[in-house]
Amino acid sequence: METLIPTINRLQEVFLTVGAESIQLPQIVVVGSQSSGKSSVLESLVGRDFLPRGSGIVTRRPLVLQLINVSPLEERLKIENGNGVKLNVQNSYPGVKAEEWGTFLHCKNQIFSDFQEIRREIEAETERSSGDNKGISPEPIYLKIYSPKVMNLTLVDLPGITKVPVGDQPEDIENQVQEMILSFISNPNSLILAVSPANSDLATSDALKLAREVDTDGRRTLLVVSKLDLMDAGTDALEVLLGRVIPVRLGIIGVVNRSQHDINTQKSLEDSIRDEQAFLQRHYPSLASRAGSRYLAKTLSRLLMHHIRDCLPDLKTRVTVLSSQYQARLNSYGQPVEDHSATLLQIVTKFASDYCNTIEGTARYIQTTELCGGARMCYIFHETFGRTLQSIDPLGGLTELDILTAIRNATGPRPALFVPEVSFELLVKRQIKRLEEPSLRCVELVHEELQRIIQHCSSYSTQELLRFPKLHDSIVEVVTGLLRKRLPITNDMVHNLVAIELAYINTKHPDFTDAAQVSATVNSQQAEGLDGGKRWKNEKVAEEKAPAAAFGSPSKGQAINLLDTAVPVARKLSSREQRDCEVIQRLIKCYFLIVRKSIQDSVPKTVMHFLVNFVKEHLQSELVGQLYKQQLLQELLIESQDTAQQRTEVAQMLEALKKANNIISEIRETHLW
């Protein structure tokens, strides 16, 4: 049972070395208004004068105070000489020739046996970080006091709650102090020792008000009513001490502080405690056994041990969880580099493998928020590119006037008896040319995805690569350069696919069935009788009567638009013209669909062969060839300063957690009461 508080003290020492704020240890936090008697209460617990005193705000930094009970000096000397009863090693402290002494965390290996020196050191350390003109600082001072007269306790003395700034204190000093206090008492594993003077109204107690904000049900709050001897004549604090004014769950304890006269005359604390007991017997006989500094010390020790017992299971769980988390973090940082050649080859090989696996869909880290790698390329080929081609109208941008103009231009000065093939080739090439732009855009999208895979592998797959910024940048540069070299080659090949289709219009294509059907239709029309000839003659007369402006330049009487282009005259097409247009449109549509199908199939294959597969096959050799050079090894494998520092910090924290786990595991008692 008695080992619980020393155990927490040892845990505090372990975590102080690494600054672990995520571990909230059980402790008692002393809260009170300025000059409420907090310092006197703490000194009565220690039995010695050691805290700075004066007017205004005196405590200007948090003071974490560990009280450690040790054996008397005489018994410790007997142990050292081998003449006495064997004591617990923890209480023996060989080499220390003082009955009582203190040590500071910032003064390593220095023992203060004079408590006036402890006071001066507190003042000096406060001024080092807070200034010498009433400034405050949230950085704690850690002090241990060893004495046979104290009970094992861990307390935190905080600056008193103040309202008006003095000296070089900022205007928001009240908010700063309150935020500092809340940061300590918000710890659910802390007990709150609220100090309020008896000669002020308890309903206006700032200490109780702050305690209620974080401890609404009062399970962690103990109230100390100080300065019982300073109440007005004829009044007492009996109703307050009995909890009839404001009930406090953990209890209310009254104490009598030393007066300023007692301090000035250097009245000993032993005499003060005797006078306190005499005062309580005279004025509060029914509560004398449950009040005073000695009872307060016993109560605090008992409450803290109960509280530690309740917190210990959760604390052990927290330490275990953090140990596993920090072990994982340490593993992610890797070990310091010893063999530079092997490390470089390992990282390059791992990156190349992860890059290829991301394309193939076999990567270890699969994204669930968006398509990535090969899946994204598949979407580009079959959804983005495929749908874009399907949305292209075979006759888009081609008017009947364009078709008739092409037919007439193809016949020259002679009227056409049949639809000329040249006009068909001219128009279908114009439509096929429209497939080139989406095809090149498909190449660009795949190239962009290959660039994104670089960042994906750097961020998710190859964590070790992030340790070496220069190597990371070099790998990105090499892969980007390889992609940059392959992009124009792939674009040329895709351009050639369209150029091949434009180079030869294969009207004998097996799928070009409309050509034969159109030919048969034309032949049947030529075999028609006189009715057909008369109809053709009538159509010819209609054509001659049609305005020449339909296909020529604007006449003199017409307005000329700003683009200086011909404004066609709208008219109804003759039946022959309508038939010729339909023939050409049907042929263009049929042949365009054949070419579109071919392009839709050939472009993805071309991109995969000349860009994607080439990069996959040559990535590792390119990286090794560019980076595996003896003169570059040292430079590329320089760790970032942040990584080295974080590895050291995480290793220290992990070591502290292991020590903490061992310390907690030493406690064998499961039923302490």
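Per chain, residues are indexed from 1 in the order of the written sequence. Local features are withheld for residues below a pLDDT of 70 in this predicted model, meaning they are given only at 70 or higher, and side-chain atom pairs are given and counted only at 80 or more; totals for whole chains, interfaces and linings count all residues. To obtain the side-chain values, all non-hydrogen atoms of the structure were used and water was disregarded.

Draft legend 1. Just the overall build of the protein chain, in detail. The numbering of helices and of strands both runs from the N terminus, where a helix is a DSSP run of H or I of at least 4 residues and a strand a run of E of at least 2. On a plain count of helices and strands, the protein chain comes out with 22 helices and nine strands. Accessible area is worked out with a 1.4 Å probe on protein chains only. A residue is then buried under 20% of its type maximum, exposed over 50%, and partly exposed in between. Counting all 673 residues of the protein chain, 45% fall into the buried class. Should any heavy atoms of two residues lie within 4.5 Å, those residues are considered in contact. For the protein chain, long-range pairs separated by at least 24 residues make up 80% of all intrachain contacts whose partners lie at least 6 apart in sequence. Note that accessible areas follow from Shrake-Rupley with a 1.4 Å probe, and for residues the cover is restricted to the protein chains shown. Entry remark: accessible area of the protein chain is about 35,200 Å², with carbon and sulfur atoms responsible for 51%.

Draft legend 2. Representation of the side chain of Ser 39. Structurally, the position occupied by Ser 39 is in helix H2 (residues 38–46). Apart from residues lying up to four places away in sequence, Ser 39 is in contact with Leu 51, Arg 53, Thr 59 and Asp 157.

Draft legend 3. Structural view of the pairing of strand E4 (residues 107–112). In this sheet, E4 lies alongside strand E3 (residues 101–104) in antiparallel orientation, the contact comprising two bridges. Each residue of the ladder has a partner; that of Phe 104, found in E4, is Cys 107. Think of it this way: DSSP has to see at least two bridges between two strands before they count as a pair. The loop that links E3 with its antiparallel partner E4 comprises two residues.

Draft legend 4. Representation of the sheet that holds strand E8 (residues 221–226) within the structure. Spatially, the nine strands line up as an open sheet ordered E4-E3-E5-E2-E6-E1-E7-E8-E9, and their pairing is mixed. Both edges of this open sheet fall to E4 and strand E9 (252–254), since each of them pairs with a single strand only. Across this sheet, the average inter-strand angle for adjacent strands is 25°, counted without regard to direction. The sheet contact formed by strand E1 (residues 27–32) and strand E6 (residues 153–157) spans three bridges and is parallel. The partner of Val 29 across the bridge, within E6, is Val 156. Between N-to-C directions, angles cover 0 to 180 degrees, with each direction set by a line fitted to C-alpha atoms, over the stretch in contact for helices. Contacting E1, strand E2 (63–69), strand E5 (141–147) and E6, helix H1 (residues 4–16) crosses the sheet at an angle of about 135° to E2.

Draft legend 5. Quick peek at the packing of helix H17 (residues 469–503) against helix H20 (residues 575–627). One way to put it is that H17 packs onto H20 with a least axis distance of 9 Å and a crossing angle of 155°. For the element pair H17 / H20, the angle class is roughly antiparallel. Here H17 runs over H20; the crossing is right-handed. Side-chain classes are defined by residue name, with Ala, Val, Leu, Ile, Met, Phe, Trp, Tyr, Cys and Pro counting as nonpolar, Asp, Glu, Lys and Arg as charged, and the others, Gly among them, as polar. Its residues placed into classes, the contact of H17 with H20 shows 23 nonpolar, six polar and four charged. For classification, angles of less than 35 degrees are called roughly parallel, those exceeding 145 degrees roughly antiparallel, those between 65 and 115 degrees roughly perpendicular, and all remaining angles oblique. Handedness of each helix crossing follows the sense of rotation of the near helix against the far helix: counterclockwise by less than a right angle gives left-handed, clockwise gives right-handed.

Draft legend 6. How the structure looks around the environment of Glu 639. With respect to the element layout, Glu 639 can be found in the loop between helix H21 (630–636) and helix H22 (641–665). Apart from the residues lying within four places of it in its own chain, the contact partners of Glu 639 are Tyr 333, Arg 467, Phe 468, Pro 469, Ala 644 and Arg 647.

Draft legend 7. Quick peek at the confidence of the model for the protein chain. Residue-level confidence of the predictor, termed pLDDT, takes values from 0 up to 100. Model confidence for the protein chain is summarised by a mean pLDDT of 80, while 83% of its residues fall at 70 or above. This model gives residues 84–90 a pLDDT under 50, and the stretch forms eight contacts once residues within four places in sequence are excluded. This stretch, residues 529–537, has a pLDDT under 50; its non-local contacts, to residues over four places away or in other chains, come to two contacts.

Draft legend 8. Geometry of the pairing of E3. Burial of the side chains of E3 extends over both faces: Trp 101 and Thr 103 are buried on one face and Gly 102 and Phe 104 on the other. For E3 and E5, the ladder comprises four bridges, and the chain directions are antiparallel. Residue Thr 103 lies in a different strand from E5, and its bridge partner there is Lys 144.

Draft legend 9. The nonpolar core, seen in detail. Grouped together as the largest cluster of nonpolar side chains are 69 residues, with contacts concentrated most on Tyr 355, Leu 450, Leu 471 and Ile 475. Among the secondary structure elements, those contributing two or more residues to this core are helix H12 (340–360), helix H13 (374–390), helix H14 (400–411), helix H15 (421–432), helix H16 (436–461), H17, H20 and H21. Excluding residues within four positions of it along the chain, Leu 450 makes contact with Tyr 355, Ile 359, Met 377, Leu 483, Leu 611 and Val 612. The term nonpolar core refers to a set of buried residues drawn from Ala, Val, Leu, Ile, Met, Phe, Trp, Tyr and Cys, joined through side-chain atoms within 4.5 Å.

Draft legend 10. Region of the structure containing H20. By definition here, a helix of n residues has an expected span of 1.5 Å times n minus one. Between its first and last C-alpha atoms H20 spans 73 Å; for 53 residues at 1.5 Å apiece the expected length is 78 Å, and the two agree. Here the bend at a residue is taken as the angle between two axes, fitted respectively to the seven residues that end there and the seven that start there. Approximately 50° is the largest bend angle found in H20, and it occurs at His 618.

Draft legend 11. Representation of the environment of His 307 in the model. Take His 307: it is sitting in helix H11 (residues 293–333). In sequence terms His 307 and Gln 27 are 280 residues apart; their C-alpha atoms lie 8.9 Å from each other. Among all residues touching His 307, those that are not within four sequence positions of it are Pro 26, Pro 188, Asn 189, Ser 190 and Leu 191.

Draft legend 12. Structural context of the environment of Ile 432. Tracing the chain through its elements places Ile 432 in helix H15. A residue is classified by how much of its surface remains accessible, and Ile 432, at 0% relative accessible area, is buried. Taking C-alpha positions, Ile 432 is 9.5 Å from Leu 593, a pair spaced 161 residues apart along the chain. Setting aside its immediate chain neighbours within four residues, Ile 432 contacts Val 498, Glu 501, Leu 502, Ile 505, Tyr 591, Phe 592 and Val 595.

Draft legend 13. Spatial organisation of the packing of aromatic side chains. Two rings from Phe, Tyr or Trp (for Trp, the six-membered ring) form a pair when their centres sit within 6.5 Å of each other. Planes less than 30 degrees apart are called stacked, planes more than 60 degrees apart edge-to-face, and all others tilted. Using the criterion set out here, one finds six aromatic pairs in the structure. Plain terms: the ring middles of Trp 101 and Tyr 146 are 4.9 Å apart, the flat faces sit at 10° to each other, and that makes the pair stacked. Here the residue Trp 101 occupies a position in strand E3, and Tyr 146 occupies one in strand E5, the gap between them amounting to 45 residues. Among the residues examined, Tyr 146 registers a relative accessible area of 8% and is labelled buried. Ring centres 5.3 Å apart and planes at 90° place the aromatic pair Phe 104 and Phe 112 in the edge-to-face group. Each residue in the set Phe 424, Phe 512 and Tyr 591 is aromatic and connected to the rest through ring pairs, giving one cluster.

Draft legend 14. Fine view of the pattern of salt bridges. Salt bridges are defined by distance alone: a side-chain nitrogen of Lys or Arg within 4 Å of a carboxyl oxygen of Asp or Glu. If you walk through the whole model with that rule in mind, you get 24 salt bridges. Here Arg 219 and Asp 217 are joined by a salt bridge, their closest N and O atoms 2.8 Å apart. For Arg 219, a relative accessible area of 55% puts it in the exposed group. Close ionic contact of Lys 616 with Glu 360 constitutes a salt bridge, the shortest N to O distance being 2.0 Å. Of this pair, Lys 616 sits in helix H20 while Glu 360 sits in helix H12, placing them 256 residues apart in sequence.

Draft legend 15. Highlighting unusual backbone geometry. Unusually for a residue other than glycine, Lys 227 sits at a positive phi of about 60°. Mapped onto the elements, Lys 227 comes out in the loop between E8 and helix H8 (238–241).

Draft legend 16. Structural view of the packing of H12 against H17. At a minimum axis separation of 12 Å, H12 and H17 run at an interaxial angle of 45°. It follows from the interaxial angle that H12 and H17 lie oblique. Considering only the axes of H12 and H17, their crossing is right-handed. Here H12 contributes Leu 344, Ile 347, Val 348, Phe 351 and Tyr 355 to the contact with H17, which in turn contributes Leu 471, Ile 475, Val 479 and Leu 483. Taken together, the residues of the contact of H12 with H17 break down into nine nonpolar, no polar and no charged.

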